Structures are given as structure tokens and as C-alpha cells.
Amino acid sequence: MRKDTKGQPSEQSLDRRQLLQALGAGGMIAIAGCTGDGNGDGTGTADGNSGDGGNGDDGGQSIQFLTMGVGDNIKQFFEENNAAFEEEYGVNVEFTSVTWDNARQTVNNRVDGGQAPDVSRWPARWIPQLVGKGALEPVDDLMDGEFGEKFAEGVANGTMYNGSHYGVPWAASNKCLYYNKDVFEAAGLDPENPSLDTWQDMLSAAKTITESGEVSVPALGLAGADAIETGSQYYHYHWSYGADLVDDEGMPVVNSDGAAEALSFYADLHLEHGVTQASPLSSTRQDIRQLFENGDLGMVIGHVYTGLNITESQEKGEVDFEYGIAQVPKGPEGRYSLFTIDTLGILSQSEHKDIARDLIRFYFDEERRFQYSKQKGFLPVVKAVGEREYFSESKNWGPFVEAGQYARARPKLSNFSQFNDRMVQAIQEALADQKSPQKALDDAQSDLEDAMS
């Protein structure tokens, strides 16, 4: 018997009419956060700079560089390196960072208004949307030469669309399962050999923690809020049950038997087993990550920066617990770790494409790439950087390097953000016990078929 829940999906969930309008629009750029930020926020505003590609205040030539999610952990990196580029090339760098929440509006406004930046960073899955608007410059001249050899083939291929590279790999991330060793020990579980290979293993450990009289924190963090990241947390389960999101023709296939089993398991972690935090429907990925980083959660699926943040807090004396990292559990049909690549691209509107290429080459100096990955908390995209001992022998980085063999990316759809919104709605309907998992996915399949055909 399922337990009652008072949680309800947000009123902002996409309804069927809105979905059809959004997916049918075609030309609309759907932009939402990707690899994210350890702090979850940026330093700029939605307005950005004027974007005219003209001269700076001192009369020198300017290049506009737009990125997202520059938090305190990486702000100084950009300040120092932008200044170094200005000095070396005699060019003013007009640098703007916006929050991921504002990214969609900012890029749409600037591209559609003829004020696109010269260089910008975004998730690789946005490439089809931007190419469809004629907004991106191919960079095959960079990626097919010696510069392109910096990257592993799989990473480099992540920037390709319709046979051309439309960006340079900027950052990569995947996920693992974190567990609180102190919580495991208090519950009578072995903190050094936790047995978390499968979802059933994870559930068993979560039940033991929940039933223990020695533990007062929730056993498992589950994302269920009306946010893009709810999909990215759930897809590990979906794929591991043999389900997919789209077929080879790019059409939706979200309601298979395996998909229903996966969503049933996901929802029952809260509704049937009661091993999660109290309110998954109001919890974002960032919320549950923060709970774990504070020592207030037994397990969570997270990026490498979760461990980096905890290590930093330990050194400052802000938290006092030990954690371990395991691979994302496997399901009946395998194990998958959501893999995301961000790219650095050149906008077609740029009047300074040669300088834009200089800026890209500048930022892919090996030492700069090492510092960026180290400070930001992303897997290195440059092969030589990944081979450094800092990554290969690290407690935090080692498991994520291993997780590369289980990597799986979201499908490249020009309207993936709307597609994902509809999937999140189905997840919320199941978590709220409003619909059975099969019914929630059947309805999503029907809406997506209508919209995408």
C-alpha cells in the first residue's frame, strides 16, 4: 500500500496545450542549465553587455565572451585570465556571466536582436537549436587539426552536429553515488564496503538506515521538483531498466514496460518505502546535494564537486563527517552515468571570428585547463590534463574517471528542454501518487508523439 503524500506538482508544470505550442515552435531556442555550478548561481544579470562587437571605452577592439554559472569558486580564474588575454592580444574582453535561469532569455534576446556575443559557452545539446537559427559558426578548422588532438575522440564527437563541429569541448561532467560513512556506521552498515552495486542494494541500505534508531537523517535524497535537473536525476533509473527516451528517428519512446518499472521504483522510494527526505516534490537536485554536503543525508547521486565542496568544508572546520563514493547503481539492464559536455562556440554574428579563435586557443592552454577543472569541479576535457596525478590518484576524481565507461548523454533534440519538461511532469505525477507510473508515462508519450510529429 502506498503511503499518502501531500505533495503536488508545481502549478508551473507544462500542460498539454503549452507542450504542443513549445515543441511545435521549432525555431525557439530551449536553453536550460547543464553541467551546472558547484554553487548553483552566477554573477551577472540577464541583460549582459550591449553585444555590438564594437570598441571598448579606451578605443581598443573588443570581444564579447558570455558564459553561465560563474560562482565564487571560479570567478577569480576568469578575471585573471581575461586580463592576461587583454594584455597579450591588445583586445578588450567584455565578459558577462548570467545565471542558468536567465540563460535562455539572454541568448534568445541577443541572437534574435542581432546582438549575439562573439564567444559563448553552452551545453552541447543546445547545438541543434542554435544551428537551426543559423546562429553558430562551424569550427572544423580548429577541431580537425592539431588543436583537436587535445581531446579524446568521444569528447570531441560530443560537439558534432550534421557532420561538423559547432564548438570546442569546454567541460564535462558525470555522476556517482555518494554515501555518508558516519551514517552507514551508525546504522550498522560497513562504511568501507557498503555493497551498493544495484538499485536493490541501495534500497536495502536505505531501509536499514531508516529503520535504525541510531540515525536521525533521511537515508536517500530524491529530486522531484519542477526543474530540469529532476529529469537528469531520474534518467539513471530509466536507462538502467532498458528504457530509452527517443528512438533512432528521434521520436519518443518513453512508456515502455522497462520505463514504467523504473518510474515505479523511483516513486516507491518515497511513497512505498519512505526512505527519502520528507518532500521530494519540492526538492531540486541542488537541495538534496546541499543536504548531503551538510551531513544531513545518507546517500545522494551527485557530481564530483559535491566531494570537492565537502573536502573544502572539512578543511575549514565547517563539517565533520566522512563520505565515500560508489558508482551509480545498476538496474536489470545495466549501469549508466549521465554524461554532459559543455562547448565553447563562436556566434555567426561575430565580426571578430579570428580573435574569437584566439580566445579559444588561449583558454585551452594545458595549465589553464588544469586550473579550470581543478577549481570548477569538472572532469578534464583535455587528455593531457586528465593524465595528471591530481586526477588519477584523487579520492574525489578517481570514481568519476571510472564512471566514464558508463557514460550516457541526453538525446540531441532541438526542443529537448520542452521534452524534458514533459518527462518531469510525468515523474511528478507518479511521485504525487496522482497517476500510476504507467499512466503518467502513457500520457507523456501521447503528448510527445502529437507534439513531435
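Residues numbered from 1 in each chain as written. Predicted model: local features only at pLDDT ≥ 70, side-chain atom pairs only at ≥ 80, totals over all residues. Heavy atoms only, no water.

The name given to the chain in an unreviewed UniProt entry is Extracellular solute binding protein, with the source organism recorded as Haloferax mediterranei. The Sequence similarities (unreviewed entry) comment attached to the chain in UniProt states, word for word, "Belongs to the bacterial solute-binding protein 1 family." (UniProt positions renumbered as here; feature names shortened; annotations may be inferred.)

A. Here's a closer look at the overall build of the chain. Each helix and strand counted, the chain has 19 helices and 13 strands in total. The buried share of the chain, reckoned over its 453 residues, is 58%. Counting only contacts in the chain whose residues sit at least 6 apart along the sequence, the fraction spanning at least 24 positions is 79%. Accessible surface for the chain amounts to roughly 17,900 Å². Of this, 41% is attributable to carbon and sulfur atoms. (Helix = DSSP H or I, 4+ residues; strand = E, 2+ residues; numbered from the N terminus. Buried < 20%, exposed > 50% of the residue type's maximum accessible area, 1.4 Å probe, protein only. Contact = heavy atoms within 4.5 Å. Areas by Shrake-Rupley, 256 points an atom, 1.4 Å probe, with all protein chains shown as cover.)

B. Representation of the layout of surface pockets. The space that makes up the second largest pocket amounts to roughly 490 Å³. Forming the walls of the second largest pocket are 22 residues, and the residues nearest its centre are Leu308, Asn309, Ile310, Glu312 and Ser313. At the level of secondary structure, the elements contributing two or more residues to the lining of the second largest pocket comprise α11 (285-293), α12 (304-315) and α14 (366-376). Per-element tally for the lining of the second largest pocket: the top contributor is α12, with eight residues. Looking at which domains feed residues into the lining of the second largest pocket, each of domain 1 (62-173 + 341-405) and domain 2 (176-338 + 412-451) gives three or more. (1 Å grid on protein atoms, 1.4 Å probe; cavity = no way out; pocket = protein on both sides within 12 Å on 5 of 7 lines; lining within 4 Å. Points joined across faces, edges and corners; volume = space filled by probe spheres on them. Domains from an automatic or database assignment.)

C. Molecular detail of the packing of aromatic side chains. In total, this model carries 38 aromatic pairs according to the counting rule given. Ring centres 6.0 Å apart and planes at 50° place the aromatic pair tyrosine 178 and tyrosine 323 in the tilted group. Of this pair, tyrosine 178 sits in strand β8 (residues 176-180) while tyrosine 323 is found in strand β10 (residues 323-326), placing the two residues 145 residues apart along the sequence. Judged by relative accessible area, tyrosine 178 falls into the buried class, the value being 0%. Note that arginine 408 overlies the ring of tyrosine 336, its terminal NZ or CZ placed 5.1 Å from the centroid. (Phe/Tyr/Trp six-rings, centres within 6.5 Å; stacked < 30°, edge-to-face > 60°. Lys NZ or Arg CZ within 6 Å of the ring centre and 35° of its normal.)

D. Highlighting the packing of helix α9 (residues 228-240) against α11. In the contact formed by α9 and α11, the axes pass within 8 Å of each other and the chain directions differ by 65°. In terms of axis orientation, α9 runs roughly perpendicular to α11. Every residue of α11 that contacts α9 at Glu229, Ser232 and Gln233 is listed here: Arg285, Gln286 and Ile288. Considered class by class, the residues forming the contact of α9 with α11 number one nonpolar, three polar and two charged. (Axes fitted to C-alpha atoms, helices over the stretch in contact; angles between N-to-C directions. Parallel < 35°, antiparallel > 145°, perpendicular 65-115°, else oblique. Nonpolar A, V, L, I, M, F, W, Y, C, P; charged D, E, K, R; others polar.)

E. The sheet that holds β10, seen in detail. Taken together, the three strands give an open sheet; going across it, the order is β9-β8-β10, and neighbouring strands pair in antiparallel fashion. Strands at the two margins of the open sheet, each flanked by one partner only, are β9 (299-302) and β10. Across the sheet, the axes of successive neighbouring strands diverge by a mean angle of 30°, strand direction being ignored. Across four bridges, the pairing between β8 and β10 is antiparallel. Along β10, the bridge assignment pairs tyrosine 178 with isoleucine 325. (Pairing = 2+ DSSP bridges.)

F. The arrangement of the pattern of salt bridges in detail. Enumeration over the complete set of coordinates arrives at 16 salt bridges. One salt bridge in this structure joins glutamate 367 and arginine 388, with 3.3 Å as the shortest N-O distance. Note that glutamate 367 is positioned in helix α14 and arginine 388 in the loop between α15 (383-386) and α16 (389-392), a separation of 21 residues in sequence. A relative accessible area of 24% places arginine 388 in the partly exposed class. Residues arginine 422 and aspartate 447 are paired through a salt bridge, measuring 3.0 Å at the closest nitrogen-oxygen approach. In this pair, arginine 422 sits in helix α18 (residues 416-431) while aspartate 447 sits in helix α19 (residues 437-452), placing the two residues 25 residues apart along the sequence. There is no split in this pair, since arginine 422 and aspartate 447 are both buried. Each of Glu429, Lys435, Lys439 and Asp443 takes part in one network of salt bridges that share partners. (Salt bridge = Lys/Arg side-chain N within 4 Å of Asp/Glu carboxyl O.)

G. Here's a closer look at unusual backbone geometry. Of note in this structure, asparagine 162 is not a glycine but carries a positive phi near 55°. Along the chain, asparagine 162 falls in the loop between β5 (160-161) and β6 (164-165). With a relative accessible area of 66%, asparagine 162 lands in the exposed category. Positive phi outside glycine occurs at aspartate 433, with the angle close to 60°. In this fold, aspartate 433 is placed in the loop between α18 and α19. Accessibility expressed as a relative area gives 35% for aspartate 433, which makes it partly exposed.

H. How the structure looks around the pairing of strand β3 (residues 119-123). Among the five residues of β3, five are classified as buried, and the element is accordingly described as predominantly covered. As defined by bridge partners, strand β1 (residues 62-68) adjoins β3 across two bridges and the pair is classed as parallel. Paired with phenylalanine 65 across the two strands is valine 119, which belongs to β3. Sheet analysis places β3 next to strand β12 (residues 340-347), joined by five bridges and oriented antiparallel. Note that in β12 the partner of arginine 121 across the bridge is leucine 344.

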